[in-house]
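Here's the letter readout for the chains.
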Amino acid sequence: MRLKTSLLKEPKHKELVSCVGWTTADELYSCSDDHQIMKWNLLTSETTRVVKLPDDIYPIDLHWFPRSIGGRKQSHAESFVLTSSDGTPVYSVAWGPDSEKVLYTSGKQLIIKPLQPNAKVLQWKAHDGLILKTDWNSVNDLILSAGEDCKYKVWDSYGRILYSSQPHEYPITSVAWAGDGELFAVGSFHTLRLCDKTGWSYALEKPNTGSIFNIAWSIDGTQLAGACGNGHVIFAHVVEQRWEWKNFEITLIKRRTMEVHNVINDAVDLLEFRDRVIKASLNYGHLVVSTSLQCYVFSTKNWNTPLIFDLKEGTVSLILQAERHFLLVDGGGLYLYSYEGRLISSPKFPGMRTDILNAQTVSLSNDTLAVKDKADEKVIYIFEALSGKPLGDGKPLTHKTEIVEIALDQKGLTSERKIAFIDKNRDLYITSVKRFGKEQKIVKIGTMVQTLAWNDTSNILCGIQDTRFTVWYYPNTVYVDKDLLPKTLYEKDASEFSKNPQIVHFVGNQITIRRADGSLIHLNISPYPAILHEYVSSSKWEDAVRLCRFVKDQTMWACLAAMAVANKDMATAEIAYASIGEIDKVQYINSIKDLPSKESRMAHILLFSGNTQEAETLLLQAGLIYQAIQVNINLYNWDRALELAVKHKTHVDTVLAYRQKFLEDFGKKETNKRFLQYAEGLEVDWNKIKAKIEMEIAKERERAAASPAVRASVTVQQ
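Each chain has its residues counted from 1, running along the sequence as written. Selection of residues for local features in this predicted model requires a pLDDT of at least 70, selection of side-chain atom pairs for listing and counting requires 80 or more, and totals for whole chains, interfaces and linings are taken over all residues. Only hydrogens and water are removed before side-chain values are computed, so all heavy atoms of the structure are retained for them.

Engineer: Any details on the overall build of the protein chain? Residues and values, ideally.
Structural biologist: A count of helical and extended segments in the protein chain gives 13 helices and 49 strands. Principal axes of the C-alpha set define a box for the protein chain whose edges measure 110 × 65 × 45 Å. Only protein chains enter the accessibility calculation, which uses a 1.4 Å probe; a residue whose area is less than 20% of its type maximum is buried, one above 50% is exposed, and one in between is partly exposed. Within the protein chain, the fraction of its 718 residues that count as buried is 51%. A fraction of 43% describes how many contacts in the protein chain between residues 6 or more apart in sequence connect residues 24 or more apart. Note on areas: these come from Shrake-Rupley sampling with a 1.4 Å probe, and a residue is covered only by the protein chains present in the view. Accessible area for the protein chain stands at about 34,500 Å²; split by element, carbon and sulfur atoms hold 51% of it. Side chains of the protein chain carry 85 positive and 86 negative charges; the gap between the two charge centres is 2 Å. Secondary structure elements follow DSSP: runs of H or I of four or more residues count as helices, runs of E of two or more count as strands, with numbering from the N terminus. We call two residues in contact when some of their heavy atoms are within 4.5 Å. Neither His nor the chain ends contribute to the count of charged residues, in which Lys and Arg are positive and Asp and Glu negative. Taken as the charge centre is NZ of Lys, CZ of Arg, CG of Asp or CD of Glu, depending on the residue.

Put into structure tokens, the structure is as follows:
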């Protein structure tokens, strides 16, 4: 990616230009020490003088009031603030993302001051020289600063440093974030730099400008203007952005032209657009490109006939793709389109601000859309993709701390859709998206996780935690058999990725990671877990077992064991558990097979996964009261066992007998008031109890034997 710069032969201002500001994507105003304000039209390349200021006013900064408040269409801004100097210098000021804090410079210090009175002011020494410029981005919540110590730095909103540049030759006079928070520009004497949000530099230009005192990005983030010390205004367009997917590499070579390179057969296609390209995304066999007025959808099988439809707003800030559809985010809302160009839905939630959403705070899968709330960062809104309505009972997912990044898995059944998210403490959690009234467990599966990504073809999750690169081959294990999770992981030392790496893609069995210095590293993981996922999703259990025997890998067997239990295939689970030496579980599975009725077997499979409540409910619904009581006795849930016995007026003596035996074994006395109350005047007779239990089991056997017979008789009649 680089900048393509343009300067006029002669400067339009007589003195240094101090500030610039865009009104539309093609119209700019500039102010100078020659007391003039000029208007630049980029479409017609005309420059006109707007106003001459009084001779004693020297403009320093200019800020346009945005027009689009309350979702109205933004044609252009209509009023602006101009500041000029008198006395004590505050060189630069920036609003916080929620407009409740102000960041300003004071000598070598950066200060964040909340607007509410008595709130704590955050202040830290940021540079070794005067700080000349600062900027705070509302999408990624990061702060830029530039100083006379010839460095530029990137900070988070708590004042922790994320990046510090090498010293340049001259003081850095300007920095500015692009609107979407993915890029920023740095200006110095005869220098203009384009950088990634993590700090590394994409491109360096050396235009003849003097110092660049102010940089302003256009609304759509495709171009910037710089206010130069020699009276010029410099314009620069971002070109040569790259998108990669499988064997395709696409480059934006001019503002309206893309080049498609197929690396397998070296075929090259040129794609021409009517207007300039603002955003693009390449994934799942489709290229989606938004220009200032239209959206183009190309299939990677055919580059000649794109599908084209008009856009309402124009400035698309984010494109996300799933296998069946894609999401466009602009100033007006979220729009979900099919690859045929049909608008599927437009989800909304209270207090929705679409201008500050990015790929970390929105996630899309074939049936679900998840959006992190900005007003309350502990909340994730989850929508059905096809209807745009909130999922399930309509309540959002709420976590106990602020959430930083979210990601939905891409494959499998809608009812099993999972969402993984990283919170402020860098812990990784996973939970099910579907909530049927009951509160779904949010389970922690990783700590100190920097970045994460789901695979595009199977539900495998990868992330970088602390100093290790980790792949969770079957994250669902936490709901099936938590002790098995460590055995289903692949881990690798991550020191080669340096600090703060980001996972860019996880396609097939290849993972692309971007290091902090901007270089890309490609990693390959074993292809077998993905094949195993495929077999299991189409219930080919014998093939799955054969694959594991061929690969001879403990991780694969552990994944298969968890998958088999999740799909209630106990025969496969037994083979898999035996192969990883979990003998206690093999024995338990064997004991399940010997149970008399289907309901009991189902309940014990639920117990195996630790779902006690569900197992008990299932038994009670089937009318197996004694079995439900016995489950609670086995788990030492004494109060619940007694409660059930009293409620159903049966086996009270059984519960008391087992309780008594338990206390005798441990040499303790009864202290529970309820048990003392029922034990009064009740004689425990073990023979009687055993006879009663045997009768219950016989009754259950008879029932189980009768029910298939009933079914058989029905089929005969048919």
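From this point, the narrative continues.
Engineer: Can you explain the packing of aromatic side chains? Please cite residues and give values.
Structural biologist: The relative placement of two aromatic rings is captured by the distance of their centres and the angle of their planes. Side-chain rings of Phe, Tyr and Trp (the six-membered ring for Trp) are treated as a pair once their centres are within 6.5 Å; stacked means planes under 30 degrees apart, edge-to-face means over 60, and tilted covers the remaining angles. Under the criterion given, the structure shown has 29 aromatic pairs. Where Tyr636 meets Phe662, the ring centres are 5.4 Å apart and the plane angle is 35°; that geometry is what we call tilted. Residue Tyr636 is located in the loop between α9 (625–634) and α10 (638–647), and its partner Phe662 is located in helix α11 (residues 652–665); the two are separated by 26 residues in the primary sequence. Classification of Tyr636 by relative accessible area gives exposed; the value is 52%. In this structure Phe662 comes out as partly exposed when scored by relative accessible area, which is 24%.

Engineer: Tell me what's going on with the nonpolar core, and back it up with residues and numbers.
Structural biologist: One finds Phe469, Ile511, Leu532, Leu560 and Tyr577 to be the most contacted residues of the largest nonpolar core, which totals 46 residues. Residue contributions to this core peak at ten residues, all from helix α4 (residues 554–566). Beyond its immediate stretch of four places on either side in the chain, Phe469 contacts Cys462, Gly463, Ile464, Tyr490, Glu491, Lys492, Ala494, Phe497, Ile511, Ile513, Leu523 and Ile525. Leu607, Ile625, Ile633 and Val652 belong to the second-largest nonpolar core, a separate cluster that totals 21 residues. To form a nonpolar core, buried Ala, Val, Leu, Ile, Met, Phe, Trp, Tyr and Cys residues must be joined to one another through side-chain atoms within 4.5 Å.

Engineer: So, the side chain of His127: which residues are in play, and what are the values?
Structural biologist: Relative to the helices and strands, His127 is located in the loop between β11 (122–125) and β12 (131–136). Here Ser145 takes part through its side chain, which lies 2.7 Å from a polar atom of the side chain of His127. Discounting chain neighbours no more than four positions away, the residues touching His127 are Lys108, Ser145, Ala146, Gly147, Asp149, Lys151, Tyr152 and Lys153. N or O atoms closer than or at 3.5 Å make up a polar contact, with two conditions inside protein: a donor-capable atom paired with an acceptor-capable one, and, for residues adjacent in sequence, both atoms drawn from side chains.

Engineer: Kindly report on the sheet that holds strand β26 (residues 267–272), identifying the contributing residues and their values.
Structural biologist: One bridge is not enough; two strands pair if DSSP finds at least two bridges between them. Strand order across the open sheet formed by four strands is β23-β24-β25-β26, with antiparallel pairing between neighbours. The open sheet has two edge strands, β23 (242–245) and β26, and neither has a second partner. On average, adjacent strands in this sheet sit at an angle of 20° to one another, irrespective of strand direction. Relative to strand β25 (residues 257–262), strand β24 (residues 248–254) runs antiparallel, the two being bridged by six bridges. Opposite Glu249, over in β25, you have His261 as the bridge partner. To define axes, lines are fitted to C-alpha atoms, for helices over the stretch in contact only, and angles between the resulting N-to-C directions are given on a 0 to 180 degree scale.

Engineer: Describe the environment of Arg256, naming the residues involved and giving the relevant values.
Structural biologist: Of note, Arg256 is situated in the loop between β24 and β25. The class of Arg256 is partly exposed, set by a relative accessible area of 41%. Taking the C-alpha atoms as reference points, Arg256 and Val239, separated by 17 residues in sequence, lie 9.8 Å from one another. If we ignore the near neighbours within four places in the chain, the residues touching Arg256 are Leu271, Glu272, Phe273, Arg274, Asp275 and Arg276. A polar contact is formed between the side chain of Arg256 and the backbone oxygen of Arg274, at a distance of 3.2 Å.

Engineer: Which residues make up the packing of α9 against α10, and what values go with them?
Structural biologist: If you want to describe how two helices pack, look at the angle between their axes and the distance between the axes. Where α9 meets α10, the closest approach of the two axes is 8 Å, and the angle between their N-to-C directions is 160°. One finds that α9 runs roughly antiparallel with respect to α10. In this structure, α9 meets α10 at a crossing whose hand is left-handed. Taken together, the residues of α10 that come into contact with α9 (itself represented by Ala628, Ile629, Asn632 and Ile633) are Trp638, Arg640, Ala641, Leu644 and Ala645. The class makeup of the residues in the contact of α9 with α10 is seven nonpolar, one polar and one charged. The cut-offs work like this: below 35 degrees is roughly parallel, past 145 is roughly antiparallel, 65 to 115 is roughly perpendicular, and the gaps in between are oblique. Each crossing gets its handedness from the near helix: less than a right angle anticlockwise from the far helix is left-handed, clockwise is right-handed. All residues other than Ala, Val, Leu, Ile, Met, Phe, Trp, Tyr, Cys, Pro, Asp, Glu, Lys and Arg, Gly among them, are scored as polar; the first ten of these are nonpolar and the last four charged.

Engineer: Could you give me a rundown of the sheet that holds strand β40 (residues 418–423), with the residues and numbers involved?
Structural biologist: The pairing of strands in a sheet happens through backbone hydrogen bonds and is either parallel or antiparallel. Here four strands make up an open sheet; going across it, the order is β39-β40-β41-β42 and the pairing antiparallel. Across the chains shown, the open sheet's two edge strands, defined by having one partner strand only, are β39 (403–408) and β42 (443–446). Neighbour to neighbour, the strand axes of the sheet diverge by 30° on average, direction disregarded. The sheet contact formed by strand β41 (residues 428–432) and β42 spans three bridges and is antiparallel. Paired with Leu428 across the bridge in β42 is Gly446.

Engineer: Tell me what's going on with helix α5 (residues 570–579), and back it up with residues and numbers.
Structural biologist: Within α5 the residues assigned to the buried category are Met570, Thr572, Ala573, Glu574, Ala576 and Tyr577. Looking at the buried positions of α5, the neighbouring elements they touch are α3 (541–551), α4, α6 (583–593) and α7 (598–608). Looking one or two places after α5, you find Gly581, whose phi comes out positive at around 75°.

Engineer: I'd like a rundown of a positive patch on the surface, residues and numbers included.
Structural biologist: Together, Lys4, Lys254, Arg255 and Arg256 make up a positively charged patch on the protein surface. Looking at the element boundaries, Lys4 is found in strand β1 (residues 2–6). Among the residues examined, Lys4 registers a relative accessible area of 44% and is labelled partly exposed. Residues enter a patch when their relative accessible area is above 30% and they make no salt bridge; the linking distance is 9 Å between like charges and 5 Å between nonpolar side chains (Val, Leu, Ile, Met, Phe, Trp, Tyr). Any carboxyl oxygen of Asp or Glu that lies within 4 Å of a side-chain nitrogen of Lys or Arg is treated as forming a salt bridge with it.

Engineer: Talk me through the environment of Arg601; I want residue IDs and the actual numbers.
Structural biologist: Mapped onto the secondary structure, Arg601 falls in helix α7. Placed 330 residues apart in sequence, Arg601 and Leu271 show a C-alpha to C-alpha distance of 60 Å. Other than its neighbours up to four places away in sequence, Arg601 contacts Ile592, Lys593, Leu595 and Pro596.

Engineer: Describe the side chain of Asn283, naming the residues involved and giving the relevant values.
Structural biologist: Turning to its location among the elements, Asn283 is positioned in strand β27 (residues 277–283). Within the local environment of Asn283, its side chain forms a polar contact with the side chain of Trp245, the two groups lying 3.2 Å apart. Those residues in contact with Asn283 that lie beyond four places of it in its chain are Trp245, Gln321 and Tyr339.

Engineer: Quick rundown of the packing of α6 against α7? Include the residues and the values.
Structural biologist: The interhelical angle for the contact between α6 and α7, taken along N-to-C directions, is 160°, at an axis separation of 9 Å. As the angle between them shows, α6 and α7 are arranged roughly antiparallel. In this structure, the crossing between α6 and α7 has a hand that is right-handed. Between α6 and α7, the residues in contact are Lys585, Tyr588, Ile589, Ile592 and Lys593 and Arg601, His604, Ile605, Leu607 and Phe608, respectively. Residue composition of the contact of α6 with α7, grouped by class: six nonpolar, one polar and three charged.

Engineer: Tell me about the pattern of salt bridges, and name the residues and values.
Structural biologist: Summed over all chains, the structure comprises 33 salt bridges. Of the charged contacts in the structure, one is a salt bridge between Asp128 and Lys125, with a shortest N-O distance of 3.4 Å. For Asp653, the salt bridge goes to Lys692, with nearest N and O atoms at 3.1 Å. Taken as a pair, Asp653 in helix α11 and Lys692 in helix α13 (residues 686–717) lie far apart in primary sequence, 39 residues in all. Owing to a relative accessible area of 14%, Asp653 belongs among the buried residues under this scheme. Under the relative-accessibility criterion, Lys692 is labelled partly exposed at 27%. Sharing partners across several salt bridges, the network here consists of Asp481, Asp483, Lys487, Glu582 and Lys585.

Function-wise, these values are silent; they only describe arrangement.
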